[in-house]
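Single-letter residue listing:
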Amino acid sequence: MLTLLKQHKDYKKLGISVTIGHNLNNLVNSNIVVYSAAVKPDDIELTKARELGIPIIDRGTFLGKITKAFHNTICVSGTHGKTTTTSMISMCFLEAHKDPSIQVGAFLKPINGNYRVGSSEHFIIEACEYVESYLKLFPKTEIILNIDNDHLDYFGTFDNIVASFHNYISLLPEDRFISCKL
């Protein structure tokens, strides 16, 4: 919780309003609502945003729009190890002075948070397979760490998970790079 609060202080310094919990007052002066797959469609804030005509966008689509803006988006996916691997790749780029933008699923001490806005063409992002959010990204490079029985509440079967990863691989452009260890 202290890490989460520290990150919120950093967001606030950037003029980003951060709240914890669901409250209709969170919508005051909002011009867009970004929500994660964990938020249910009948959430009070989403319902009210729809009523007020405030645009809403799921996190995967929002991140996809960001990845589209980069020449070199490196997406790290897999059932286990995404955060660690994304962090390690990010550190390599930082140590090489490549000034990457970063989005990782946990607090990364050297960037003092879970995101970093760089000024280069490189974006390193943890690509989550849950509800197939990663299918909304625009990768130039994909790193697939592993595939396992996970998120069966969404996928139902292991075969559906494998089919989803095949769809994910098909997102790569012709001059692509993929690394898999399955």
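Only a predicted model underlies this, so the values are computations on that prediction, with no experimental measurement involved.

(A) Molecular detail of the environment of Lys82. Within the secondary structure, Lys82 is located in helix α4 (residues 82–95). Owing to a relative accessible area of 11%, Lys82 belongs among the buried residues under this scheme. Ignoring sequence-local partners within four residues, the contact set of Lys82 consists of Val76, Ser77, Glu126, Ala127, Cys128, Glu129 and Leu145. For Lys82, the side chain forms a polar contact with the side chain of Glu129, separated by 3.3 Å.

(B) Up close: the pairing of strand β6 (residues 122–126). Most of β6 sits out of view: 5 of its 5 residues are buried. Residues His122, Ile124 and Glu126 of β6 are buried on one face, and the alternating residues Phe123 and Ile125, pointing to the opposite face, are buried as well. Relative to β6, strand β3 (residues 72–77) runs parallel, the two sharing 5 bridges. When the bridges of β6 are listed, Asn72 appears paired with His122.

(C) Examining the pairing of strand β7 (residues 141–144) more closely. Here β7 shows two buried faces, one formed by Thr141 and Ile143 and the other by Glu142 and Ile144. In the sheet, β3 pairs with β7 via 4 bridges, with the strands oriented parallel. Opposite Cys75, over in β7, you have Glu142 as the bridge partner.

(D) Representation of a nonpolar patch on the surface within the structure. Taken together, the side chains of Ile32, Val34, Phe62 and Ile66 define a hydrophobic patch exposed on the protein surface, amounting to about 290 Å² of accessible area. Mapped onto the elements of the fold, Phe62 is located in helix α3 (residues 59–68).

(E) The arrangement of the pattern of salt bridges in detail. Considering all chains together, one arrives at 4 salt bridges under this definition. Two residues, Asp58 and Lys136, come together in a salt bridge whose shortest N-O distance is 2.9 Å. Of this pair, Asp58 sits in strand β2 (residues 56–58) while Lys136 sits in the loop between β6 and β7, and the two are 78 residues apart along the sequence. For Lys136, a relative accessible area of 33% corresponds to the partly exposed category. A salt bridge links Asp99 to Arg116; its shortest N-O distance comes to 2.8 Å. A residue pair is termed long-range when its members are at least 10 positions apart, and Asp99 in the loop between α4 and β4 (101–108) and Arg116 in strand β5 (residues 113–116) qualify at 17 residues.

(F) Just the confidence of the model for the chain, in detail. On average, residues of the chain score 88 in pLDDT, and 90% of them are at 70 or above. Contacts of residues 1–7 to residues separated by more than four positions or lying in other chains number 8 contacts, the stretch itself having pLDDT below 50.

(G) Just the packing of aromatic side chains, in detail. Evaluation of the coordinates by the stated rule reveals 6 aromatic pairs. Between Tyr154 and Phe155, the aromatic rings sit 4.9 Å apart at their centres with planes inclined by 85°, giving edge-to-face as the arrangement. The exposure class of Tyr154 is partly exposed, given its relative accessible area of 36%. Taking 6.3 Å as the distance between ring centres and 85° as the angle between the ring planes, the aromatic pair formed by Phe165 and Tyr168 counts as edge-to-face. Highlighted residues: Phe165 and Tyr168, both in helix α6 (residues 158–169), separated by 3 residues, approximately one helical turn. Per residue, the accessibility class of Phe165 equals that of Tyr168, and both read buried.

(H) Region of interest: the side chain of Asp58. In this structure Asp58 comes out as buried when scored by relative accessible area, which is 18%. Setting aside its immediate chain neighbours within four residues, Asp58 contacts Val34, Tyr35 and Lys136.

(I) The arrangement of unusual backbone geometry in detail. At Asn112, a position not held by glycine, the phi torsion is positive, near 55°. In this structure, Asn112 sits in the loop between β4 and β5. A positive phi angle, close to 60°, is found at Glu132, a residue other than glycine.

Reading the values: rules and limits
- Residues numbered from 1 in each chain as written.
- Predicted model: local features only at pLDDT ≥ 70, side-chain atom pairs only at ≥ 80, totals over all residues.
- Heavy atoms only, no water.
- Helix = DSSP H or I, 4+ residues; strand = E, 2+ residues; numbered from the N terminus.
- Buried < 20%, exposed > 50% of the residue type's maximum accessible area, 1.4 Å probe, protein only.
- Contact = heavy atoms within 4.5 Å.
- Polar contact = N/O pair within 3.5 Å; in protein donor to acceptor, adjacent residues only side chain to side chain.
- Pairing = 2+ DSSP bridges.
- Patch = residues over 30% accessible without salt bridge, like charges linked within 9 Å, V, L, I, M, F, W, Y side chains within 5 Å.
- Areas by Shrake-Rupley, 256 points an atom, 1.4 Å probe, with all protein chains shown as cover.
- Salt bridge = Lys/Arg side-chain N within 4 Å of Asp/Glu carboxyl O.
- pLDDT = per-residue confidence, 0-100.
- Phe/Tyr/Trp six-rings, centres within 6.5 Å; stacked < 30°, edge-to-face > 60°.

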